[in-house]
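Summary of the model geometry
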Amino acid sequence: MNCSATLPRETLMSLAGQARPCARETDLDAARELERFLKDVERRAFRIAEIALRNTDDALDVVQEAMIQLAQSYGARPSEEWKPLFHRILQNRIHDWQRRRRTRSRVIAWWTGGTRDEDDETPDPIENAAADEPTPATRLENDQAMTALDAAITRLPARQQQAFLLRSLEGLDVAQTAAAMGCSEGSVKTHYFRALQSLREQLGEHWP
Amino acid sequence: MSNEQPNMTESDAAFERRTRALLRDSADALDGRVRSRLTAARHAALAELEKRAARPRFRVPGAWLPAGVVAAAAVVAIAVWTAQPVGGPAAVVADATLMGEDAEILASNEGPDLYADDPDFYEWAGTDQSGGTG
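Definitions and limits used
- Throughout, residues of each chain are indexed from 1 in the direction in which the sequence is written.
- In the order they appear in the text, chains get letters beginning with A and ligands get numbers beginning with 1.
- For a predicted model such as this one, the threshold for reporting local features is a pLDDT of at least 70, and the threshold for listing and counting side-chain atom pairs is 80 or more; totals across whole chains, interfaces and linings nevertheless cover every residue.
- The side-chain figures draw on all heavy atoms in the structure; neither hydrogens nor water molecules are used.
- Counting from the N terminus, the helices are the DSSP runs of H or I reaching at least four residues and the strands are the DSSP runs of E reaching at least two.
- Only protein chains enter the accessibility calculation, which uses a 1.4 Å probe. A residue is then buried if its area is under 20% of the maximum for its type, exposed if over 50%, and partly exposed in between.
- Classification of ring pairs rests on two measures: the distance between centres of Phe, Tyr or Trp rings, Trp counted by its six-membered ring, which must be within 6.5 Å, and the angle between planes, read as stacked under 30 degrees, edge-to-face over 60 and tilted in between.
- Two thresholds decide whether a charge sits over a ring: the Lys NZ or Arg CZ must be within 6 Å of the ring centre and within 35 degrees of the ring normal.
- Each axis is a line fitted through C-alpha atoms, and for a helix only the stretch in contact is used; angles between axes span 0 to 180 degrees, taken between their N-to-C directions.
- For this classification, under 35 degrees means roughly parallel, over 145 means roughly antiparallel, 65 to 115 means roughly perpendicular, and everything else is oblique.
- For this analysis, residues touch if any pair of their heavy atoms sits within 4.5 Å.
- In this count, Pro and Cys sit with the nonpolar residues alongside Ala, Val, Leu, Ile, Met, Phe, Trp and Tyr, while Asp, Glu, Lys and Arg are called charged and the others, Gly among them, polar.
- One speaks of a salt bridge when a side-chain nitrogen belonging to Lys or Arg is within 4 Å of a carboxyl oxygen belonging to Asp or Glu.
- Per-residue confidence from the predictor is given as pLDDT, running between 0 and 100.
- Any helix carries an expected span of 1.5 Å times its number of residues minus one.
- Along the arc lie the directions from the helix axis toward the C-beta atoms.
- The term nonpolar core refers to a set of buried residues drawn from Ala, Val, Leu, Ile, Met, Phe, Trp, Tyr and Cys, joined through side-chain atoms within 4.5 Å.

1. Notes on the overall build of chain B
For chain B, the helix and strand inventory stands at 6 helices and 0 strands. The burial tally for chain B puts 18% of its 134 residues in the buried class.

Written out as structure tokens, the structure reads:
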């Protein structure tokens, strides 16, 4: 894979223009490595954020913030450390976003005297439509299953949801999930197992 | 992954595989607008890396600053300690006395003519000190 072809042109030109040859090589390698990492992780990270926040634009903002913070704070760290670090940042950002949203909702409710609930926001089916379509029958079945699964994951307690998504969607092992969640490995196992049980109960036997 | 959960049944494992496949498919099938935004986000992150790379490299990282201060203090302490005369305070006092005598001689009106009065004595004194035989 020619990684340099996928890097932003300005970044490559700027890095290539550095004065020190050794430093330039290191910077280019780091940029390529980070590009590769982010490209690999970005879609799943977006889905994690989208399920947690139930809003496409908020999820995109959170993922971008997490990417930038990783580059700023940990870009020089070995690439094998990036995954748990990135997900730790992402989870913190999601948590901050949810807290801000709750505060905003309370203020709006107090100000208007109404009972506006952001949970009522329904996703736009056109906006969320899949781009790469499988066969129609499979697509229909998968869409129904995914819709039900999305709703069920949304109803999980926050920690169970985190453990489930980090392990199932992102594929982190127990230790990496514990690092990303800032808890013990035992807690991860418990949260994950309970999440699975809860999802099975919610989805029932008729889940396609 | 299933092996790490001791209470998981085969049915749980099948459910887990199904949910994982669905979630991954949903991540792979994002619409064009989202993919485009993610690409832009990635480029913004790489631009941050570029900014960081452009900063001077000789800055002392904050974490090393206390260690640097301690090392500098240790070097100064060793330099001061080794600069002190051997023998401690008594030797310092003796040296000070000798310096005082020298100053007294230099300040007196007696010049080099003093040594010219009895050169044999001084020659003998010099021989005695170096030879040590009396």
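2. Some remarks on the packing of aromatic side chains
Residues and elements named next belong to chain A. Scanning all chains against the criterion turns up 3 aromatic pairs over all chains. Taking 6.1 Å as the distance between ring centres and 20° as the angle between the ring planes, the aromatic pair formed by Phe164 and Tyr192 counts as stacked. Pair noted here: Phe164 is in helix α6 (residues 158-169) and Tyr192 is in helix α8 (residues 185-203), with a separation of 28 residues, a long-range link. For the pair Phe164 and Tyr192, one class covers both residues: buried. Taken together, the aromatic side chains of Phe37, Trp82 and Phe86 make up a single cluster linked through ring pairs. The lysine or arginine in question, Arg167, covers the ring of Tyr192, its NZ or CZ lying 4.8 Å from the ring centre.

3. A short note on the packing of helix α5 (residues 136-154) of chain A against helix α1 (residues 10-28) of chain B
At a minimum axis distance of 10 Å, the contact between α5(A) and α1(B) shows a crossing angle of 100°. Put simply, α5(A) runs roughly perpendicular to α1(B). Across the interface between the two elements, A:Glu141, A:Asn142, A:Ala145, A:Met146, A:Leu149 and A:Ile153 from α5(A) touch B:Arg18, B:Thr19, B:Leu22, B:Leu23, B:Asp25 and B:Ser26 from α1(B). Residues that form the contact of α5(A) with α1(B) fall into these classes: 6 nonpolar, 3 polar and 3 charged.

4. A short note on unusual backbone geometry
The backbone phi angle of A:Arg54 is positive, close to 55°, even though this residue is not glycine. Taking relative accessible area as the criterion, A:Arg54 reaches 38% and is therefore assigned partly exposed.

5. Description of the pattern of salt bridges
Going through the model one piece at a time under the given rule, you end up with 20 salt bridges over all chains. Residue A:Glu42 pairs with B:Arg42 through a salt bridge whose shortest N-O separation is 2.9 Å. Placement of the pair is A:Glu42 in helix α2 (residues 21-53) and B:Arg42 in helix α2 (residues 32-54), with the two residues belonging to separate chains. Two residues, B:Arg37 and A:Asp61, come together in a salt bridge whose shortest N-O distance is 3.1 Å. Here B:Arg37 is found in helix α2, whereas its partner A:Asp61 is found in helix α3 (residues 56-74) on a different chain. Residue classification places A:Asp61 among the partly exposed positions, given a relative accessible area of 29%.

6. A closer look at the confidence of the model for chain B
Predicted coordinates in regions of low pLDDT should not be interpreted in detail. On average, chain B scores 72 in pLDDT, and the residues at 70 or more come to 55%. For this predicted complex, the interface confidence reaches an ipTM of 0.73, while the overall pTM sits at 0.62.

7. Some points on α6(A)
Count 3.6 residues to each turn of an α-helix, and residues three or four apart come out pointing the same way. Residue and element names in this part refer to chain A. Helix length check: α6 (12 residues) gives 16 Å between terminal C-alpha atoms against 16 Å at 1.5 Å per residue, within 8%. α6 sits mainly inside the fold: 10 of its 12 residues count as buried. The complete set of buried residues in α6 reads Gln160, Gln161, Gln162, Ala163, Phe164, Leu165, Leu166, Arg167, Ser168 and Leu169. Trailing α6 by a residue or two, Gly171 shows a phi angle of about 80°, which is positive.

8. Examining the confidence of the model for chain A
All names here are of chain A. Averaged over all residues, the pLDDT of chain A is 82; the fraction at 70 or higher stands at 75%. No element of chain A has a lower mean pLDDT than helix α1 (residues 9-16), at 55, and none a higher one than α6, at 95. Note that pLDDT drops below 50 for residues 1-5; the model gives that stretch 5 contacts with residues more than four away or on any other chain.

9. What to know about helix α7 (residues 174-181) of chain A
Residue and element names in this part refer to chain A. Of all the residues in α7, the buried ones are Val174, Thr177, Ala178, Ala180 and Met181. Looking down the long axis of α7, one finds its buried residues gathered within 165° of arc, a one-sided arrangement. Buried residues belonging to α7 abut α4 (82-112), α6 and α8. Two residues or fewer after α7 comes Gly182, characterised by a positive phi angle close to 70°.

10. A short note on the nonpolar core
With 63 residues, the main nonpolar core has A:Leu70, A:Leu149, A:Ile153, A:Phe164 and B:Leu23 as its most contacted residues. Residues contacting A:Ile153, with those up to four places away along its chain left out, are A:Ile51, A:Gln161, A:Phe164, A:Leu165, A:Leu199 and B:Leu23.

11. Here's the deal with the environment of B:Arg37
Judged by relative accessible area, B:Arg37 falls into the partly exposed class, the value being 28%. Each residue touching B:Arg37, except ones within four places of it in the same chain, is listed here: A:Asp57, A:Leu60 and A:Asp61.

12. A look at the environment of A:Ala59
Residue and element names in this part refer to chain A. Looking at where Ala59 falls in the secondary structure, it is placed in helix α3. Assessed through its relative accessible area of 0%, Ala59 is described here as buried. Once the C-alpha coordinates of Ala59 and Ala49 are considered, the two residues, 10 residues apart in sequence, prove to be 4.9 Å apart. Apart from residues no more than four positions distant in its own chain, Ala59 is found in contact with Phe46, Ala49, Glu50 and Leu53.

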